[in-house]
Amino acid sequence: MSDQETNILVVGGGISGLTTAVEAAEAGYSVAIVEKEPFLGGRVGRMNKYFPKLCPPTCGLEINYRRIKFSDRITFYTHAEVGNIAGSPGNYDVTVNLKPRYVNDKCTGCNACTEACPVEVPNDYNAGLDKRKAAYVPHQQVFPHKYVIDKAACKDDCGVKCKEACKYDAIDVDMQPESISIKAGSIVIATGWKPYDASKMDNLGFGTSKNIITNVMMERIASGTGPTGGKIVRPSDGKEAKRVAFVQCAGSRDENHLAYCSAVCCLASLKQATYVREQYPDSKVSIFYIDIRTPGTSYEKFLNKVQEDENVSLIKGKVAKVYEDSATGDVIVEAEDVLANKKIKVPFDLCVLATGMQPTVSEMKLPSDIKINENGFIVPDKDQKGIYAVGCVKDPVDVAKSVQGATGAALKAIQTVGRKS
Amino acid sequence: MAEQVIKPDLDFVKGIIAGGGDTLKKCYQCATCTVVCNVTPAENPFPRKEMLWAQWGLKEKFEGNPDVWLCHQCNDCSVYCPRGAKPGEVLGAIRKQTIKQYSAPSALVDVVNNKSLIALIFLVPAVIVGLFISMFGNWSPEGDIIFSQFMPILPIQGLFTPALLFGVAVGALGVKKFWGDMKSANGVSTGDLKGSIIATAKQVLGHEKFKSCDVSKDRYSSHLFVFYSFVLLGIATGLGVLYIDILHLDSPFRFGYGTPVKIFGIAGAVAIIIGTLMMINNRFKNAEKVGLGSYFDWLLIAIIGIVGLSGTLAYLTRIAGVGGIAYPVYFIHLVFVLSLFVYLPFSKLAHMFYRGAAMCFMKYSGREEEEEAVQAAPQETAPAPEADAGPDESAPEQTEGGKES
Amino acid sequence: MEKKIGVYICKGCSIADAVEIEKLEEVATKEKKAPVCKSHDALCSPEGLDLIKNDISGEGVNTIVIAACSPRVKYREFSFPGNIVERANIREFVAWTQEPKTEDTQALGEDYIRLGISKAQSAELPEPFMLEELDKSVLVVGGGIAGITSALGVADAGYNVHLVEKQEELGGWAKKIHKQLPQTYPFESLETPTVGSAIEKVNSHDNIKVYTSSEIEKIAGVPGMYDVSIKTNGSSEQVKAGAVIMAAGWRPYDANKLGHLGYGKNPNIITNVQMEEIASNGKITRPSDGKEAKRVAFIQCAGSRDKDHLPYCSSLCCLTSLKQAAYVRESNPDAMAYILYKDMRTPGQYELFYKKMQDDPGVMLTKGEVVEVRDGSAGTVEIVMKDTLLGESIVLEADMVVLATGMVPNTKIEADVLAEWKGKFDEALTASGGKPDPNAVLEPYKVPNILNLDYKQGPELPGIDEAYGFADSNYICFQYETQRTGIYTAGSVRQPMHMAGSIEDAMGAGLKAIQCIEATAAGNAVHPRAWDQTYPEVNLTKCTSCKRCTEECPFSAIEEDEKGTPFHKMSRCRRCGTCLGSCPERVINFKDFSIHMISSMFKALDIPDEGLRIIGLVCENDSYPALDAAALNRARINPAFRFIPVRCLGNLNLAWIADALSRGVDGMILLGCKFGENYQCHFVKGSELAEERLGKLQETLGRLMLEPERVELKQLSIQDYDKLPQILNDFADKLDEFEPNPFKEF
C-alpha cells in the first residue's frame, strides 16, 4: 500500500528537477519532487547572477515556485531522499525517507525561533563564509518559506529556546524520521552536481590562504544576500579586492581530477570578472585559461563584451602554482604566458579557482540497469524506458541546456505514463 | 618577421613515441609543466614548447637546442601534467634522438639502445676481454687470488685506456658539433668560455639545479650518489695507475684500509651500489604518474649497477679467497666496465657531455644572467591597479602577440 | 453572483503589536460595510481556518478578504475554491516594515483593509475561455534530426504529427554526413549515422504524416486550432494543428564570402561540408587532381567568431574537424591532419573525444591566427599564420585545406532576399496607396520565410534580429518561451548545436507543444501564467479602433476585422494585460483585474489633507517579492506608500494616474523589470511600454497643474530588496519638496 501515487517522480529540486516537474504538471500529469535539502532551488539558488544576461536566478525561480504554488498536480518533499527503487516502467515503488525538519506546517515564518536560537554554525548556504543559527532559513527568498532546525548543530543544554519562542506551536523537537512509499509511473533523476573539492589540487593552494577561493564562494561574496552583503573583499583582512585572478580549469580537463570539461567555468569567470569591474572602476582582472570556451551566439557576444574592457586580461596559460605572500597577504599566481612564451609571477588580492562540476548521484539505490561512468555521470541509454537522468548528473551543462534537457525529460516521462486525454 | 616554414615529420613523431615518449601526443599545451619546472629559465621556458615541436615532428627545432638538456628528468612536470603526457620522459626520448644526431657513428646509438640486441652488445666486449685473457692472462690461476694473474695489468691498460679514450673522443666531437649548432641556432658568437666552464663545473659538483626539483627530490640524491661514486672510483683508479706505473708496486696492494686508494675505492663502491638501488627504488616509487622509464634509461642503470656490484663482489670474494667465484665475477666486472667506456657516448651516459655542454652554454650565451633578473619575483608587470597608465603588459593584445620575446 | 464579503484579520506575527485590530475591524464593518469581519490570533492555524470555513458554509460568505501575511505564503491554507479571495498584506507591508503603533502605521493598515475590500468588491470569479473546436495534432516544420526527434517524441506520447520537410527526403544534415560524433560515453569512436533508423520509425509511425518537398504556405488561427496550408510542389493541402514546432535547421555559411581564406581560388581549399562528401566516397583525395591528400589542414572559425562574417561561435566546428581528422587518419596511416584553432571548444564530456583524437600521432594542433592562404607548389596550399604556439609567423604546406565553416540559421534572411522583399513591398505600397507602415514591415522577421504566420504583427517569429537570425529564447530559465504562443523552436535554428544537443532540445519542444494544446483545451493560459483562467474581455461598443492594443500586444494575439475593429485571438494571449494598459477607452478588462478595479482601489484610500500619500504599482513577479523580502529582513519602509500589485507594468493605464492624482495622491512610483538589452520582462516590453506611456503624460499632468516628476518608474530586479528602502525614501523626499497635491481638498 503506497502513501502516494503519482505519474512522475522527480529526484532533485534544482533547476533541472523543478523544470521537469512544472513542465510535466502543466501538460496534465501529476508530479512529486524529492529534494534532499530543506528548500528547493538547488545550486542555482546559490548563484548571484546568470551569464550572459546577468539577471538574478531568483527571478526565474520565483516564477517556477509560483507555478508550483498554483498547481494542484505538484507535491514536493524537501529534506527528503529516495531510498529504494523497485518495480518497472509504468509502475515503480519508491521509498522516500523524510528527514525530520523539527518544524511543522504551523510555522508562519515569523523568525522568532532564529532570534531565540543561541547556537551559531558555519553557513553552508554561503559556502561557510559566515555563520547562521541552528534554527534558520538560508535567505529571504527561499521556497518553501518554512524554517528548519539543524539538529546536528543544536546544543542539548540550550533549553529548547526556539520552542519557547514559537507562538504557533510549530516546533516539534521530537519529530521522527519517516519513510513513505510512492508509486510512480516514471522517474526522473536530477540530483545535479557539487563543486569539486579544491583542496585536492595541492599546487593551487586552496586552504593555505583565505584569499584563495573557489568560484562558488565568489558567487556568494558578490551576492547582496551573501556574507559580505555583496562587497567583494579579501576574506583574510576585508581589504577591497581590486586585483583578482581567475584560474580556469582548476580540476577540470585534468586526468588527476576531472577528466572532462565542466562547460560553465569560462563563462562563470567572465561573469565574475564583471562583478569585480562593476564594483571597482580601478580594478584589474586576469583570467588564466587553456581555451576560452564560450560556444554559441550570446556567450561569444558576452566574451567580446568582457574583452572590450582593457582592465580585463585574458592570459593563455594554465596556473600551476598559487601561494600567499605572508608579508602582504597577496596571493602570488604563477603561470606561463604561453603566447609571450615566458613564465610570470603576479600578485593579486584575490585568486578565484574556477573549480568544476562533479555529478552527485545521491544516496539512493539505483536499479542495476542504470549505468554510471567512471566520471560519475549517469550514462543515458536510448532504449532505457521509465527512468531518465537529466541535467548535471548526466553531463556538465549550463542552466540553458539543463532547462532544455529537463523539458525533454518531461516528454520522455509522459511517454512512459501514456496520454491522458 | 621572417616566415618560418614548418615541415611536420610524422616519422620523427613516431620515433619519439617508440623511444620512450609514447605519451607525447597527450599534451594539450596547458603549460602546467613549464610552471612547475624549477630548472627551466623563465624566458622561452621548457618543456611546453618542446612538447609541441615534437608533436609536430619539427626535428630541426631540436638541432642545437640546449633546453632539452637543461631538463634533469626529475619529472615534477609529469606528476602535475593534467593529461598524463609525461614531458620529463618525452624530453628524455628527444635527448636520445639528439645523442643519435651528435654521437658518431649514430648507428651505434640504435644498436646500443635496441632491446633485441641486448645480448650482442654485451657479448662483443665479453669476447674481447676473453681473447685478452686467453692471450695474456690465465683463465684459472693457482694459489692466492691475484686478479693480475687472471688478467695482467698491461693488457688491461692496453684495452681499457683506448676504450675510454674512444668514448671520450666521440663524446668530445659530439659536444663540439653540438656547441657549434647551439651557437648558430641561438645566434651567439662569442662569450666567456673559461668562466662558463668553471661555473658549470661548480654547478655540477653541487648538483645545484637538480636540487631545486620539488616532488622528485630523491632523484637528485640518488644521482648525487652515483655521480660521486664515479668521481671516487676515478680517483681510486688514478691512484692504482700511480702505484703501478710510477711507484711500480704490485697489485693487489696489501696495505691497510686507511690508505687513500682503499678509502676512495671502497667509498666509491658503496656509493655506486646505494645510488643505483635508490634510482631503481625511485623509478618504482612514482611509476604511477611518471612511468617506469624507457629501456634507454634502464640500460644505463643496469650497466652501472652491475659494474658496482661485480666490482664489490670480486673484491669481497678475493678477500674471502673463493677463487671459484672471484675470477668469474671479476670477468663480468671487466666486461661491463668495458661496455661502460665504449658505450659512454651512445648510452644515456652521454648526458654527461651534452647536458654539461648545454649548462655551460647557458652561461656562455649570458642567458642565465638574464634569468636572475626575470626570476626576481613577483613581477608587477601584470594587473596591479597601481601599475601606471597605459595598457599594462598583461593586457590581452600585448600577451597575444608576445612581440618582445 | 450575489457577493457576501467576509473580512478576516490575523493578529499573529506581531500584526496586533503594530496596529489596533479593532480599528481595522471598524474600517471593514462601518466604513466599507462588510457584513462579516473577524480576527484571530493565528488565522492560518487550523482553528483560524475553521473560522473562515464555517462562515462560508454557515454565513454564506463567498467573498473573502484575508488581512494577514503576503499572498506568496500560506497560499494553500488560504485557498477556498469557488470563492473570491483577496489578500491584504498587512504583515509584510505593515507589521514588519513599520514603527509599531504609530498614527502612520495605523493609517497604513487601515488603507490596506480598504484596498483589499474594494478589490474584492470589483473582482469576479474567472470563467475559463474554451475553444469550440480543438485539434490536438502538432505541426513540425523541418525534417532534420531535430524535427524528426520532435515528431517521434510527440507521436510516441500519443499525439498526431504533421511533419513538413522542404527537401525530397527527411534527415537533413544528419543524413549527409559520413560518420557522426560519438553520442555517448566514452565518447571515443565515430558512429555510423543513426538518423536512418529514426527516419524509418517516422515513416512507419501511425501518428505521423510526412510531407516532403513541402513548405508552409500559411499558418492561420490560434494555438489549439491552427489552419495550416502546406504547399507540396505546386498543390497545397489544408491541415489543422494545435501547436507548432519550428525545427527549420541551418545552412553552412557561404564559403564564397571567405576569399581571404582562399576559397574559390584553389580547388583544394574546401569546406567541412564538402569534406563529408569526399569522406563518404572513400579515400581522402584532393579535388584538383584526385590525388590522395596526405596533409590536410583544418582552419577553424572560418567565418565564425569574425565580426565581418559570423560574430558568433558555431559551437560544433571544433568537434567536426576532430571528426574529419579521424577520416584523414583512417584513410591512410601516414596521412597527417593539422588543426589550426583559436580556442579548442569541446565542452563537457566531448573533451574525452578531443583527448582521444589528439593522442593520434598524425593529428597535430596549434592555436594561431591565419593570415593568408595561398597556392603552394604542385597544387598544394600554403597557410601563413601568426601568433601560433609553433612560432610567431609560420608557413604550413598542405595538400588540402578544409575550412571549418559555421552555421547560419534558416530563419536568417540574407540581405539580397531582404532587398528583393523591399522591392516587392514598395510596389505593393504604391499600389495600396501608402498602407501599411513600411518601416514596420521591413523588419527582417516580417519577410515571409518559414512559418508564414497570418498574424497582424508579421509572418515570422520576432526577436531573431537581436540573435543573429537565430530563433532563440530571451530567457535563460525558460528556453521555450517565444513571442508566439503555441510555436516552439528546436535545434540549430535556435542556437548552433551538435546533434546530441539538437535531440535533447527537440524533445523539450515536443513537450511544450503538447503542454500548450492541453492547457488550451482546459481553458488555461500557458506559461508564465499557466494557472490563469481569466482572459481579456473587450467592451467593443466603446472601442474606437485606435489599434494601440493590436500594436502593443507582445504576442500578436489581437487581430483586426475588415472594419479595423480589434478582437482577441484568445489562445494566443498570455494574459499579461498589456492591452488593458494600452486602451485609452478603458474597455479591456479581466474578471479579476480591471481598470475600474484599480481606480476604485485608489478611491477607497483615505487621503488626509496632511501627510504624503504615495501609490506604488508593483510588478507581481519581481518587485512584489522584493518588497516581501525587504519586509522579512525587517527593513523600514516609508509609511507614505500603498503598494498595489499588477500583472505587469504593461498594465499601466494613464487613466489610473489621472484618477490617483485627482484623488489627492501626492505621487506614484512604478516598480517593474529591467528593459532594453537583456530585458527581463516576461511580457517583453511591459515596463518599457509603461515608460513610453509616462512620456505622453506631460500634458495630462499639465492640465492638472501638477509636476510630471510626481510619477516615476524604477527598474528593479527581484534581488534588489536591499536597495528598496532607499529608492522609496528618495522618491518620498522628492515629493516632499513639492507643494502637497492641490486636489487633496476636493
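Residues numbered from 1 in each chain as written. Chains lettered and ligands numbered in written order. Predicted model: local features only at pLDDT ≥ 70, side-chain atom pairs only at ≥ 80, totals over all residues. Heavy atoms only, no water.

(A) Expanded view of the overall build of chain B. Helix and strand content of chain B: 20 helices and one strand. Evaluated residue by residue, chain B yields a buried proportion of 53% over its 405 residues. For chain B, the exposed area adds up to about 17200 Å²; of that, 68% sits on carbon and sulfur atoms. (Helix = DSSP H or I, 4+ residues; strand = E, 2+ residues; numbered from the N terminus. Buried < 20%, exposed > 50% of the residue type's maximum accessible area, 1.4 Å probe, protein only. Areas by Shrake-Rupley, 256 points an atom, 1.4 Å probe, with all protein chains shown as cover.)

(B) Structural detail: the overall build of chain A. Helix and strand counts for chain A come out as eight helices and 23 strands. Taken over the C-alpha trace, chain A has a radius of gyration of 23 Å; the compact-globule value for 421 residues is 22 Å, and the two agree within 12%. Judged by the C-alpha coordinates and their principal axes, chain A covers about 70 × 55 × 35 Å. In chain A, which comprises 421 residues, the share counted as buried stands at 69%. Within chain A, counting contacts between residues at least 6 apart in sequence, those at least 24 apart form 68% of the total. Of the roughly 13800 Å² of accessible surface on chain A, 49% is carried by carbon and sulfur atoms. (Rg over C-alpha atoms; globule rule 2.2 N^0.38 Å. Contact = heavy atoms within 4.5 Å.)

(C) Quick peek at the interface of chain A and chain C. In this complex, chain A contributes 84 residues to the contact, which on the side of chain C involves 91 residues. Carbon and sulfur atoms make up 55% of the area that chain A and chain C hide from each other, which totals about 7500 Å². The tally of links from chain A across to chain C stands at nine salt bridges. The partner of Glu23 of chain A in a salt bridge is Lys512 of chain C, and the shortest N-O contact between them spans 2.8 Å. If you look at where chain A meets chain C, you find 42 residue pairs in polar contact (both at pLDDT 80 or more). Elements supplying a minimum of two residues to the side of chain A that touches chain C: helix H1 (15-26), helix H2 (57-70), strand E3 (74-77), helix H7 (297-308) and helix H8 (399-417) of chain A. With 12 residues, the top contributor of residues to the side of chain A that touches chain C is H8 of chain A. (Buried area = accessible area lost by both parts, 1.4 Å probe. Salt bridge = Lys/Arg side-chain N within 4 Å of Asp/Glu carboxyl O. Polar contact = N/O pair within 3.5 Å; in protein donor to acceptor, adjacent residues only side chain to side chain.)

(D) Main features of H8 of chain A. Residue and element names in this part refer to chain A. In this model H8 runs 27 Å from its N-terminal to its C-terminal C-alpha over 19 residues, within 8% of the 27 Å that 1.5 Å per residue would give. Burial runs high along H8: 16 of the 19 residues are buried. Of the residues that open H8, the one with a side-chain oxygen 3.2 Å from the backbone nitrogen of Ala400 is Asp398. Just past H8, the residue Gly418 takes up positive phi, approximately 100°. (Expected span 1.5 Å × (residues − 1).)

(E) The arrangement of the pattern of salt bridges in detail. Taken as a whole, this structure holds 95 salt bridges over all chains when the rule is applied. For Arg243 of chain A, the salt bridge goes to Asp349 of chain A, with nearest N and O atoms at 2.7 Å. One end of the pair, Arg243 of chain A, is in strand E13 (residues 243-250); the other, Asp349 of chain A, is in the loop between strand E18 (342-348) and strand E19 (350-355), and 106 residues separate them in sequence. Judged on exposure class, the residue Arg243 of chain A and its partner Asp349 of chain A are both buried. Put simply, Asp111 of chain C and Arg613 of chain C hold a salt bridge, and the shortest N to O gap is 4.0 Å. Taken together, the residues Asp111 of chain C in helix H5 (residues 103-122) and Arg613 of chain C in the loop between helix H17 (595-604) and strand E27 (614-619) connect sequence positions 502 residues apart. In this structure, Asp111 of chain C and Arg613 of chain C share a single accessibility class: buried.

(F) Looking closely at the interface of chain C and chain B. The interface is formed by 31 residues belonging to chain C together with 29 residues belonging to chain B. When chain C packs against chain B, close to 2500 Å² is buried across both sides, 55% of that on carbon and sulfur atoms. At the junction of chain C and chain B, the tally comes to four salt bridges. A salt bridge links Asp334 of chain C to Lys14 of chain B, with the shortest nitrogen-to-oxygen separation between them at 3.5 Å. Inspection of the chain C/chain B interface yields 12 residue pairs in polar contact (both at pLDDT 80 or more). Broken down by secondary-structure element, the contributors of at least two residues to the side of chain C that touches chain B are strand E15 (336-341), helix H11 (351-358), strand E16 (363-367) and strand E19 (393-398) of chain C.

(G) Here's a closer look at the environment of Ser213 of chain C. All names here are of chain C. Summarising the element assignment, Ser213 is placed in the loop between strand E7 (208-211) and strand E8 (214-222). Sequence separation between Ser213 and Ala151 is 62 residues, and the spatial gap between their C-alpha atoms is 17 Å. Apart from residues no more than four positions distant in its own chain, Ser213 is found in contact with Glu165, Lys166, Gln167, Glu168, Lys231, Thr232 and Asn233.

(H) Main features of a nonpolar patch on the surface. Residue and element names in this part refer to chain B. Where nonpolar side chains cluster on the molecular surface, the patch consists of Phe225, Tyr257, Ile266, Val270, Ile274 and Ile319 and spans about 510 Å² of accessible area. No other element matches helix H14 (residues 260-285), which puts three residues into the nonpolar patch. The residue Phe225 is located in helix H13 (residues 217-246) in this model. (Patch = residues over 30% accessible without salt bridge, like charges linked within 9 Å, V, L, I, M, F, W, Y side chains within 5 Å.)

(I) Looking closely at empty space enclosed by the protein. Residue and element names in this part refer to chain C. Taken as a whole, the largest cavity holds about 200 Å³ of empty space. Lining the largest cavity are 18 residues, and of these Cys619, Asn621, Arg647, His682 and Phe683 lie nearest its centre. Residues belonging to the lining of the largest cavity are distributed by class as follows: nine nonpolar, five polar and four charged. In terms of lining, the second largest cavity is formed by 16 residues, of which the most central are Cys543, Cys549, Pro566, Cys583 and Ile588. Of all the elements, strand E25 (residues 566-568) adds the most residues to the lining of the second largest cavity, at three residues. Classifying every residue of the lining of the second largest cavity by side-chain character gives 11 nonpolar, three polar and two charged. (1 Å grid on protein atoms, 1.4 Å probe; cavity = no way out; pocket = protein on both sides within 12 Å on 5 of 7 lines; lining within 4 Å. Points joined across faces, edges and corners; volume = space filled by probe spheres on them. Nonpolar A, V, L, I, M, F, W, Y, C, P; charged D, E, K, R; others polar.)

(J) Expanded view of the packing of aromatic side chains. Per the stated rule, a full pass over the model turns up 44 aromatic pairs over all chains. Summarising the aromatic geometry, the rings of Trp179 of chain B and Phe361 of chain B are spaced 5.5 Å apart at their centres and angled 85° between planes, so their arrangement reads as edge-to-face. Of this pair, Trp179 of chain B sits in helix H10 (residues 153-185) while Phe361 of chain B sits in helix H18 (residues 351-364), and the two are 182 residues apart along the sequence. Chaining the aromatic ring pairs together yields one cluster made of Trp139, Phe147, Phe150, Tyr327, Tyr330 and Phe331 of chain B. Sitting over the ring of Tyr136 of chain A, Arg132 of chain A keeps its end group 3.8 Å from the ring centre. (Phe/Tyr/Trp six-rings, centres within 6.5 Å; stacked < 30°, edge-to-face > 60°. Lys NZ or Arg CZ within 6 Å of the ring centre and 35° of its normal.)

(K) Layout of the sheet that holds strand E12 (residues 212-214) of chain A. Residues and elements named next belong to chain A. One open sheet accounts for five strands, arranged E12-E19-E13-E14-E15; its pairing is parallel. Two strands in the sheet have a free side with no partner beyond their single neighbour: E12 and strand E15 (312-316). The mean angle between the axes of side-by-side strands here comes to 20°, regardless of whether they run parallel or antiparallel. Where E13 meets E19, five bridges bridge the pair, whose relative direction is parallel. When the bridges of E19 are listed, Val244 appears paired with Leu350. Across the sheet, helix H6 (residues 265-279) touches E13, strand E14 (284-289), E15 and E19, and the angle it forms with E13 is around 175°. (Pairing = 2+ DSSP bridges. Axes fitted to C-alpha atoms, helices over the stretch in contact; angles between N-to-C directions.)

(L) Local environment of the packing of H14 of chain B against helix H16 (residues 295-320) of chain B. Residue and element names in this part refer to chain B. At a minimum axis distance of 9 Å, the contact between H14 and H16 shows a crossing angle of 140°. As the angle between them shows, H14 and H16 are arranged oblique. Crossing of H14 over H16 shows left-handed handedness. The residues of H16 that touch H14, namely those facing Lys262, Ile266, Ala269, Ile272, Ile273, Thr276, Met279, Ile280, Arg283 and Phe284, are Asp297, Trp298, Ile301, Ile304, Gly305, Gly308, Leu309, Thr312, Tyr315 and Arg318. Across the contact of H14 with H16, the residue classes break down as 12 nonpolar, four polar and four charged. (Parallel < 35°, antiparallel > 145°, perpendicular 65-115°, else oblique. Left-handed = near helix turned anticlockwise from the far one by under 90°.)

(M) Molecular detail of the state of the cysteines. Under the criterion given, the structure shown has zero disulfides over all chains. Summary of cysteine pairing: Cys37 of chain B is not part of a disulfide, and the nearest cysteine sulfur, belonging to Cys74 of chain B, is at 6.3 Å. (Disulfide = S-S within 2.5 Å.)

(N) A look at the nonpolar core. Grouped together as the largest cluster of nonpolar side chains are 161 residues, with contacts concentrated most on Trp56, Met151 and Tyr354 of chain B together with Ile284, Phe298, Val401 and Leu403 of chain C. It is helix H17 (residues 323-343) of chain B that contributes the most residues to this core, 13 residues altogether. In this structure Ile284 of chain C touches Met275, Ile278, Ala279, Lys291, Glu292, Ala293, Val296, Tyr327, Val328, Ser331 and Met400 of chain C, once residues within four positions along its chain are discounted. Membership of the second largest hydrophobic core comes to 128 residues, among which are Val7, Tyr8, Ala34 and Ile727 of chain C. (Core = buried A, V, L, I, M, F, W, Y, C linked by side-chain atoms within 4.5 Å.)

(O) Up close: the side chain of Lys343 of chain A. Relative to the helices and strands, Lys343 of chain A resides in strand E18. Of the side chains bearing the opposite charge, Glu334 of chain A lies closest to the buried Lys343 of chain A, which forms no salt bridge; the N-O distance is 5.2 Å. One polar contact links the side chain of Lys343 of chain A to the main-chain carbonyl oxygen of Thr34 of chain B, over a distance of 2.9 Å. (Lys, Arg positive; Asp, Glu negative; His and termini not counted.)

(P) Region of interest: a negative patch on the surface. Residues and elements named next belong to chain C. A cluster of acidic residues, Asp730, Asp733, Asp736 and Glu737, forms a negative patch on the protein surface. Mapped onto the fold, Asp736 is located in helix H22 (residues 724-737). A residue is classified by how much of its surface remains accessible, and Asp736, at 51% relative accessible area, is exposed. (Charge placed at Lys NZ, Arg CZ, Asp CG, Glu CD.)

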